[in-house]
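What follows is the residue order along each chain.
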Amino acid sequence: MDIPRIFNITESAHRIHNPITPAKLATLGAALRLETGTRVLDLGSGSGEMLCTWARAHGVIGIGIDMSQLFTEQAQRRAEELGVADQVKFIHGDAAGYVSDEKVGVAACVGATWIAGGVVGTIELLARSLRPGGIILVGEPYWRQLPLTEDVAKGCLAGSISDFVLLPELLASFGHLGYDVVEMVLAGVCSR
Ligand code: SAH
C-alpha cells in the first residue's frame with residue numbers, strides 16, 4: 001500500500017507537504033495552547049514535521065498515520081533527530097476510518113481531507129477519536145475568489161470549482177456541524 005510514486009519522488013525532500021511554513025506551524029502550535037502530555041492524532045501526517053516539532057516545543061505525545069511508506073520513515077527519522085522518538089509514533093497505513101484507541105486532545109488532518117471524503121467526513125472521523133472538550137484541527141484549501149470556469153479551476157490544480165469553497169463558507173460550514181472555530185492560521189498561497 002502506498003501513495004502514487006510521483007508524490008514520493010517529487011516531495012521526497014519536503015519536511016512539510018503543504019504550503020505552510022515552519023514558523024506558521026509553530027504559530028499554530030502556540031495558538032492551540034498545547035500542554036505537556038496532550039495526546040495528538042494526525043491523519044495524513046506526511047513526514048511528521050507538525051507532530052515532531054510540537055512534541056519538542058510543547059511536550060505533546062501522539063500518533064501519525066500516513067499512506068506513504070517513505071514519508072512515514074522520514075517522520076520516524078525526524079522524531080529521532082529532534083529527540084522526541086519516545087513521544088511520537090508514526091504508522092504506515094490508510095487513515096480512512098482510523099480511530100485511536102485512546103481519546104486525544106487534538107485530532108488533526110492537515111491537507112489530506114480526501115482521506116474521509118472531504119471536510120465533513122474528516123471532521124466526523126476525527127471526532128470519533130476526540131475527548132470531550134478537545135480540538136479538531138483541519139487544514140483545508142479555499143478559493144480566494146471563485147474561478148470563472150472549470151478550466152480556470154483546473155489551472156489552479158483543483159479537480160473542479162466545487163472541490164473548494166470561499167473562506168466565509170468554509171468557516172460557516174464548521175458552525176453548521178456544531179463546532180466553534182477558535183483559531184485560524186492561514187498557510188501561504190499555492191502558486192506555480
Ligand atoms: N499533513 C502533512 C501531509 C499533507 S500531504 C503535512 O502537512 O506535511 C497529504 C498526505 O496524505 C501525504 O503525506 C500522503 O501520503 C497522505 N495520504 C494520502 N492518502 C492517505 C490515506 N488514505 N491515508 C493516510 N495518508 C494518506
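Note that residues are indexed from 1 along each chain, following the sequence as it is written. Residues qualify for local features only when their pLDDT is at least 70, as the model is predicted, and side-chain atom pairs are given and counted only at 80 or more; totals for whole chains, interfaces and linings, by contrast, use all residues. By convention in this description, side-chain values take in all heavy atoms of the structure and omit both hydrogens and water.

Turning our eyes to something else, we now look at the side chain of Ser160. Its place among the elements puts Ser160 in the loop between α6 (150-155) and α7 (167-176). Nitrogen and oxygen atoms within 3.5 Å of one another constitute a polar contact, given that in protein one can donate a hydrogen and the other can accept it, and given that sequence-neighbouring residues count only through two side-chain atoms. Here the side chain of Ser160 touches Ser162 through a polar contact of 2.9 Å, side chain to side chain. In contact with Ser160, not counting residues within four places along its chain, are Trp143, Glu150 and Ala153. In DSSP terms, a helix is any run of H or I states spanning at least four residues, a strand is any run of E spanning at least two, and both are numbered starting from the N terminus. Residue contacts follow a heavy-atom distance rule, with two residues in contact if any of their heavy atoms lie within 4.5 Å.

As a further point, take unusual backbone geometry. Positive phi outside glycine occurs at Arg33, with the angle close to 50°. Residue position: Arg33 is located in the loop between α2 (22-31) and β1 (39-43). Buried residues are those whose accessible area, probed at 1.4 Å on protein chains only, stays under 20% of the maximum for their type, while exposed residues exceed 50% and partly exposed ones sit between those limits. For Arg33, a relative accessible area of 67% puts it in the exposed group. One non-glycine residue, Leu157, lies in the positive phi region at around 70°. Among the secondary structure elements, Leu157 is positioned in the loop between α6 and α7. On the accessibility criterion, Leu157 (54% relative accessible area) is exposed.

With that settled, the discussion passes to the environment of Leu177. Within the secondary structure, Leu177 sits in the segment after α7. Exposure remark for Leu177: the relative accessible area of 31% places this residue in the partly exposed category. Excluding residues within four positions of it along the chain, Leu177 makes contact with Val120 and Ile123.

Right, let's talk about the site of the ligand for a bit. Taken together, 19 residues lie near the ligand, and His17, Asn18, Gly44, Asp66 and Asp94 sit nearest. Within the contact set of the ligand, an oxygen atom lies 2.5 Å away from a side-chain nitrogen or oxygen of Asn18. Within the contact set of the ligand, a nitrogen atom lies 2.9 Å away from a backbone nitrogen or oxygen of Val110. Note on residue categories: nonpolar means Ala, Val, Leu, Ile, Met, Phe, Trp, Tyr, Cys or Pro, charged means Asp, Glu, Lys or Arg, and polar means any other residue, Gly included. Across the shell around the ligand, the residue classes tally to 9 nonpolar, 8 polar and 2 charged. We call a residue near a molecule or strand when any one of its heavy atoms sits within 4 Å of it.

With that out of the way, let us pick up helix α4 (residues 69-81). Helix span, as expected, comes to 1.5 Å for every residue beyond the first. In this model α4 runs 18 Å from its N-terminal to its C-terminal C-alpha over 13 residues, within 8% of the 18 Å that 1.5 Å per residue would give. Taken together, the buried positions of α4 are occupied by Phe71, Thr72, Gln74, Ala75, Arg78 and Ala79. Seen from one end, α4 has its buried residues packed into an arc of 160°, which puts them on one side. More than 90 degrees from the buried face of α4, the exposed residues found are Arg77, Glu80 and Glu81. Check the buried side of α4 and you find it contacts α1 (5-10), α3 (49-58), β2 (61-66) and β3 (88-92). At the N-terminal boundary of α4, the capping side chain belongs to Ser68, with an oxygen 3.4 Å from the backbone nitrogen of Leu70. Relevant arc is that of directions from the helix axis to the C-beta atoms, nothing else.

In this section: the pattern of salt bridges. Here, a salt bridge means any Lys or Arg side-chain nitrogen found within 4 Å of an Asp or Glu carboxyl oxygen. Per the stated rule, a full pass over the model turns up 4 salt bridges. Through salt bridges that share partners, Arg15, Glu49, Arg78 and Glu81 make up one connected network.

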